[in-house]
Amino acid sequence: MYSQLVSVPLTLLGLLEREPSHGYDLKRDYDAFFGRGKQLPFGQVYATLGRLTRDGKVVPGDAEPGDGPDRRRYAITATGRDEVDTWLAEAVEPEPHLQTVLFAKVTLALMLDKPAEAYLDTQRAAHIRRMQELTEIKRTGPLVDVLLADHALFHLEADLRWIDLTSARLAELAETVGKR
Amino acid sequence: MSTPVVTRGCLLEARDIVKSFGQTPALRGASVAVGQGEILAIMGPSGSGKSTLLHCLAGIYEPDRGEVWFDGRRLDTLSEAERTRLRRTAFGFVFQFGQLVPELTAADNVALPLLLNRTSRKLAYKAAGAWLDRLGLGDKGGRRTGELSGGEAQRVAVARALALAPKVVFADEPTGSLDSLTGEKVMDLMTGLARQQGATVVVVTHDARVASYADRVVMVRDGRVSADLGTGGAPRSPTAAAAPVRPKRGPRGNSHPQPRPRPRASHLPKAVDGPSSPIEGGRWSIDRPPSAEVAVAFPRGGA
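Residues numbered from 1 in each chain as written. Chains lettered and ligands numbered in written order. Predicted model: local features only at pLDDT ≥ 70, side-chain atom pairs only at ≥ 80, totals over all residues.

**So, the overall build of chain B**
Here's step 1: The helix and strand tally for chain B stands at 7 helices and 10 strands.
Here's step 2: Relative to its full complement of 303 residues, chain B shows a buried share of 50%.
Here's step 3: When contacts within chain B are restricted to residue pairs at least 6 apart in sequence, those whose partners lie at least 24 apart make up 74%. (Helix = DSSP H or I, 4+ residues; strand = E, 2+ residues; numbered from the N terminus. Buried ≥ 20, exposed ≤ 12 C-beta atoms within 10 Å, placed from the backbone. Contact = placed C-beta atoms within 7 Å.)

Written out as structure tokens, the structure is:
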């Protein structure tokens, strides 16, 4: 259920920022890094690339000789790059269960040599602010609110621990993600 | 540098602190400023240098390089005797454990620092009793602290730290040995009472839930203060969806702390007029320490 949180268009766009790629390459890398055992159907890859082309975020190259639908390399545009940058740098809403989307962003940031550590700090700050708000509610609110705030606080704390651990493992993760 | 450039409202500041233990560097240029009356949490992984930073701010460690300013004065260049006097009169401490004398009663423990400051026995025990009351330990004053539960012992430690009317309370993992609910109660009392007394609090913790009691949270990493995290905000309902996140809110590495407005600690007993802190309003000075008698603080509404 969490994988629904990962934006397929933004992730494919991020993968394209490395270099122009065929749909097949994108699907393979998406499945390897972000699929979590669930493959991205080819149909969705091409439909997404179609929409990205329509919105001016990618441009298809010339058709290459051969058979099959995958005869074009897609390249990211300046608009597409801007969108990836904005997405990577902004904090995810501090609600529980953001691991998958944050994982996707951190992995892409490392692939693209962008400041993953800074993005994690941004997320940390967003989480801490939300936790301060919830603690304030606990200081003054009725018991029902206190219990709900407790629940949210424990989940946000778990997220934060995961963020800390990811922070500590960035070098390792960068190696795994590898430079292509 | 000899001119104090004290940020408006800033009470305590570490500037570019370097501190090593033997060959091991603990701090590599850490800077942080704490506002008057602010509750600041210092977070960071084990070995990040967060406790060392607290000890430098409190004048317990002498930094190898860098400066510590307190109330407009250099702290790190004071003599050991002067720093000791300062720690006894202007600072309160709450540590994870081992800070109370187990053979003495709770009341003895709270009165002890007051007696060391040559407060009269009568006044010291009166203040101790009032503070123990405030922390819900009114009936435990005669118990030896070795016989108290962990949470009760930490509340005695908080009472002892606050009884001196400190300008700053330093707390190092104050809930580290407590379960969630007990730890929360200690944090709630410590921050709530410190606010009522107008004391500044610096709390070191690795626990984000503890840190969320603070007005502002900074992160220490590899011996530097690497990020200024939460600076509070208006409470939202726990059931409300998260508001859009503003990632670039506030400058990073902010050295101008601006404590958020304090909501009233309405769950705490209402404060009534009592003796105000004698070291408020810049009357404290290194050359002229407050007289021992007047340094006793009665909790507002307690005595």
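Resuming the write-up.
**As for the overall build of chain A**
Here's step 1: When its secondary structure is counted, chain A shows 8 helices and 3 strands.
Here's step 2: Listing the helices and strands of chain A from first to last along the sequence gives α-β-α-α-β-β-α-α-α-α-α.
Here's step 3: Expressed as lengths along the three principal axes of its C-alpha atoms, the size of chain A is roughly 70 × 30 × 30 Å.
Here's step 4: The 180 residues of chain A split such that 38% are buried.

**Here's the deal with the packing of helix α6 (residues 116-140) of chain A against helix α7 (residues 143-168) of chain A**
All names here are of chain A.
Here's step 1: Their axes nearest at 9 Å, the elements α6 and α7 cross at an angle of 160°. Of the possible angle classes, the one that applies to α6 and α7 is roughly antiparallel. Relative to α7, the crossing made by α6 is left-handed. In contact with Glu117, Leu120, Gln123, Arg124, His127, Arg130, Met131, Leu134, Ile137 and Lys138 of α6, α7 contributes Asp145, Val146, Ala149, Ala152, Leu153, Leu156, Asp159, Leu160, Ile163, Thr166 and Ser167.
Here's step 2: Broken down by class, the residue content of the contact of α6 with α7 amounts to 11 nonpolar, 4 polar and 6 charged. (Axes fitted to C-alpha atoms, helices over the stretch in contact; angles between N-to-C directions. Parallel < 35°, antiparallel > 145°, perpendicular 65-115°, else oblique. Left-handed = near helix turned anticlockwise from the far one by under 90°. Nonpolar A, V, L, I, M, F, W, Y, C, P; charged D, E, K, R; others polar.)

**A few points about the packing of helix α1 (residues 8-16) of chain A against helix α4 (residues 78-89) of chain A**
In helix packing, the relevant descriptors are the interaxial angle and the interaxial distance, both defined with respect to the helix axes.
All names here are of chain A.
Here's step 1: Direction vectors running N to C along α1 and α4 enclose 115°, while the axes themselves pass 9 Å from each other. By the angle class used here, α1 and α4 are roughly perpendicular. Where α1 crosses over α4, the two elements pack in a sense that is left-handed. Packed against α1, whose contacting residues are Leu10, Leu13 and Gly14, the element α4 presents Gly80, Glu83, Val84 and Trp87 at the interface.
Here's step 2: Of the residues assigned to the contact of α1 with α4, the class counts are 4 nonpolar, 2 polar and 1 charged.

**A closer look at the sheet that holds strand β5 (residues 73-74) of chain B**
Residue and element names in this part refer to chain B.
Here's step 1: The 4 strands are arranged β2-β1-β4-β5 in an open sheet whose pairing can be described as antiparallel. The sheet is open, and its two borders are formed by β2 (24-35) and β5, each paired with just one other strand.
Here's step 2: Taken strand by strand, helix α1 (residues 50-57) contacts β1 (10-21), β2 and β4 (65-70), and its axis lies near 125° from that of β1. (Pairing = 2+ DSSP bridges.)

**Quick word on the pairing of strand β3 (residues 39-43) of chain B**
All names here are of chain B.
Here's step 1: Burial analysis of β3 places 5 of its 5 residues in the buried class, the great majority of the element.
Here's step 2: Burial along β3 is two-sided: Ile39, Ala41 and Met43 and Leu40 and Ile42, pointing in opposite directions, are all buried.
Here's step 3: For β3 and strand β8 (residues 200-204), the ladder comprises 4 bridges, and the chain directions are parallel. The residue bridging Ile42 from the neighbouring strand is Val204, located in β8.

**With respect to the pairing of strand β3 (residues 73-76) of chain A**
Residue and element names in this part refer to chain A.
Here's step 1: Here β3 shows a buried face lined by Tyr74 and Ile76 and an unburied face lined by Arg73 and Ala75.
Here's step 2: Strand direction decides the pairing type here: strand β1 (residues 21-22) and β3, joined by 2 bridges, are antiparallel. Within the sheet, the bridge partner assigned to Ser21 lies in β3 and is Tyr74.
Here's step 3: Two strands pair when backbone bridges link them, and strand β2 (residues 58-60) and β3 are joined in this way by 3 bridges, in the antiparallel orientation. Counted as the bridge partner of Pro60 is Tyr74 from β3.

**Examining the sheet that holds β2 of chain A**
Residues and elements named next belong to chain A.
Here's step 1: Pairing is antiparallel in the open sheet, where 3 strands are placed in the order β1-β3-β2. Each having just a single partner strand, β1 and β2 make up the two edges of the open sheet.
Here's step 2: On top of the sheet, α1 reaches β1, β2 and β3; it is set at about 95° to β3, its chief contact.

**Things to note about the environment of Gly142 of chain B**
Residue and element names in this part refer to chain B.
Here's step 1: Mapped onto the fold, Gly142 is located in the loop between α4 (121-134) and α5 (150-163).
Here's step 2: Sequence separation between Gly142 and Leu104 is 38 residues, and the spatial gap between their C-alpha atoms is 8.9 Å.
Here's step 3: Not counting chain neighbours up to four residues away, the residues in contact with Gly142 comprise Thr105 and Ala107.

**Details of the environment of Thr100 of chain A**
Residues and elements named next belong to chain A.
Here's step 1: The topology assignment puts Thr100 in helix α5 (residues 99-111).
Here's step 2: The exposure class of Thr100 is partly exposed, given the 17 C-beta atoms found within 10 Å.
Here's step 3: C-alpha separation for the pair Thr100 and Arg36, spaced 64 residues apart in sequence, amounts to 9.3 Å.

**Some thoughts on α6 of chain A**
Here's step 1: Between its terminal C-alpha atoms α6 of chain A stretches 37 Å, which fits the 36 Å expected from 25 residues at 1.5 Å a residue.
Here's step 2: Counting buried residues in α6 of chain A gives 21 out of 25 residues, a clear majority hidden from the surface. (Expected span 1.5 Å × (residues − 1).)

**Section: the confidence of the model for chain B**
All names here are of chain B.
Here's step 1: Averaged over every residue, the pLDDT of chain B is 79; the share at 70 or more is 73%.
Here's step 2: At the low end of the mean pLDDT range in chain B sits strand β10 (residues 224-228), at 84; at the high end sits β8, at 97.
Here's step 3: Predicted confidence is poor over residues 1-8, with pLDDT under 50, and the contacts of this stretch with residues over four places away or in other chains come to 8 contacts.
Here's step 4: Every residue in residues 241-294 is under pLDDT 50, and counting partners more than four places away or in other chains gives 93 contacts.
Here's step 5: Interface confidence in the predicted complex, given as ipTM, is 0.71; pTM for the same model is 0.75. (pLDDT = per-residue confidence, 0-100.)

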